[in-house]
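So the chains spell out like this:
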Amino acid sequence: MRNTLVLNASYEPLTTVSLKRAVVLVLQDKAVVEQAHPLRVVRGTGVSIPVPRVIRLQRFVRVPFRQRAPWSRRGVLVRDQHLCAYCGRRASTVDHLMPKSRGGADSWLNTVAACAEDNQRKADRTPEQAGMRLLRRPFEPTPEATLMLALGLRESDLGDLAAWLPATA
């Protein structure tokens with residue numbers, strides 16, 4: 001199940017939340033369902049609501065302007081689609097190209113998703129020193145691209161959520 005898009009009271013996209021969190025926000029009257037899945041319903045004791053795909057907060061939340069997406073381990077895994085940058089298999093860890101012990105930073109350009117085996121094989125070395133080749137170079141996603149990745153969407157499969165998301169350049 002994909003995450004639910006959260007809109008500010010002014011209809012601008014803020015973030016994504018899990019289905020469980022979206023239902024809690026709706027049940028607490030902190031958000032309203034703007035778009036629901038046409039065939040799915042969440043049922044509980046005495047309550048039945050459509051599965052929300054887009055919710056809108058009832059109160060405006062002031063958000064500082066961000067030109068850059070904040071770095072996170074989860075963000076790196078999502079950016080790299082949970083694929084190892086060295087072998088292409090399922091990735092569960094984040095690898096620092098320049099190891100932290102050598103002054104490498106937690107940054108978009110210094111980290112890639114990696115499977116546990118390749119991360120251990122590379123150890124405390126750079127990919128060149130370990131004789132490992134990257135299948136793709138790390139990049140810094142825009143805040144809009146980060147939101148799309150968190151939703152599990154590509155531009156080609158936006159569908160009916162396109163109206164709620166900012167246009168990508």
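Heads up: the structure comes first, above all this text.
Residues numbered from 1 in each chain as written. Predicted model: local features only at pLDDT ≥ 70, side-chain atom pairs only at ≥ 80, totals over all residues. Heavy atoms only, no water.

## Regarding unusual backbone geometry
Under the convention used in this document: For the purposes of this entry, the term helix denotes a DSSP run of H or I that reaches at least four residues, the term strand denotes a run of E that reaches at least two, and both are numbered from the N terminus.
Look at Gln 81: it is not a glycine, yet its phi comes out positive at around 55°. By the element assignment, Gln 81 lies in the loop between α2 (73–79) and β5 (93–96). Notably, His 82 is not glycine yet its phi reads approximately 55°, a positive angle. Here His 82 lies in the loop between α2 and β5.

## Some details on the environment of Thr 16
Here Thr 16 shows up in strand β2 (residues 13–17). Placed 13 residues apart in sequence, Thr 16 and Asn 3 show a C-alpha to C-alpha distance of 5.9 Å.

## A short note on helix α1 (residues 19–27)
How we decide: Burial classes follow relative accessibility: with a 1.4 Å probe on protein chains only, a residue under 20% of its type's maximum area counts as buried, one over 50% as exposed, and anything between as partly exposed. What the arc covers is the set of directions going from the helix axis to the C-beta atoms. Here, residues are in contact when the closest pair of their heavy atoms is within 4.5 Å.
Inspection of α1 places Ala 22, Val 23, Leu 25 and Val 26 among the buried residues, and these make up the whole buried set. Seen from one end, α1 has its buried residues packed into an arc of 160°, which puts them on one side. Of the surrounding elements, those touching the buried residues of α1 are β1 (4–7), β2, β3 (31–44) and β4 (47–57). Positive backbone phi, at 60°, marks Asp 29, one or two positions downstream of α1.

## With respect to the nonpolar core
Which entries qualify depends on this criterion: Take the buried residues of types Ala, Val, Leu, Ile, Met, Phe, Trp, Tyr and Cys, join any two whose side-chain atoms come within 4.5 Å, and each joined set is a nonpolar core.
Leu 77, Cys 84, Tyr 86, Ala 91, Leu 97, Val 112 and Leu 134 are the most contacted members of the largest nonpolar core, which totals 17 residues. Contributions of two or more residues to this core are made by α2 and β6 (111–114). When residues of this core are assigned to their parent elements, the largest contribution, three residues, is made by β6. Membership of the second largest hydrophobic core comes to 10 residues, among which are Val 17, Ala 22, Val 26 and Ile 49.

## Quick look at the sheet that holds β3
Operational definition: Any two strands with at least two DSSP bridges between them are considered paired. Axis geometry follows a simple rule: fit a line to the C-alpha atoms, using only the stretch in contact for helices, then measure angles between N-to-C directions, giving values from 0 to 180 degrees.
Strand order in this open sheet of four strands is β2-β1-β4-β3, and the pairing throughout is mixed. Edge positions in the open sheet fall to β2 and β3, since each of these has one partner strand only. The mean inter-strand angle of the sheet, taken between neighbouring strand axes irrespective of direction, is 40°. Here β3 runs beside β4; their pairing, made up of nine bridges, is antiparallel. Looking across to β4, one finds that Ala 31 is bridged to Leu 57. Along the sheet, α1 contacts β1, β2, β3 and β4; its crossing angle with β4, the most-contacted strand, is approximately 95°.

## Here we look at the pattern of salt bridges
Test applied: By convention in these notes, a salt bridge is any Lys or Arg side-chain nitrogen within 4 Å of a carboxyl oxygen on Asp or Glu.
Per the counting criterion, the structure on display carries six salt bridges. As a salt-bridge pair, Glu 34 and Arg 56 come within 2.7 Å of each other at their nearest N and O atoms. Of this pair, Glu 34 sits in strand β3 while Arg 56 sits in strand β4; the two residues are 22 residues apart in sequence, bridging distant segments of the chain. The class of Arg 56 is buried, set by a relative accessible area of 15%. A salt bridge links Arg 89 to Glu 117; the nearest nitrogen and oxygen atoms lie 3.4 Å apart.

## Thoughts on the pairing of β1
Burial along β1 is two-sided: the residues Thr 4 and Val 6 and Leu 5 and Leu 7 are all buried. Here β1 pairs with β2 via four bridges, running antiparallel. Across the sheet, residue Leu 7 finds its bridge partner in β2, namely Pro 13. Hairpin connection between β1 and β2: a loop of five residues separates the two successive antiparallel strands, and Tyr 11 in this loop has a positive phi of roughly 70°. Inspection of the sheet shows β1 paired to β4 by three bridges, in the parallel sense. Bridge pairing links Val 6 to Ile 55 in β4.

Keep in mind these numbers describe shape, not what the thing actually does.
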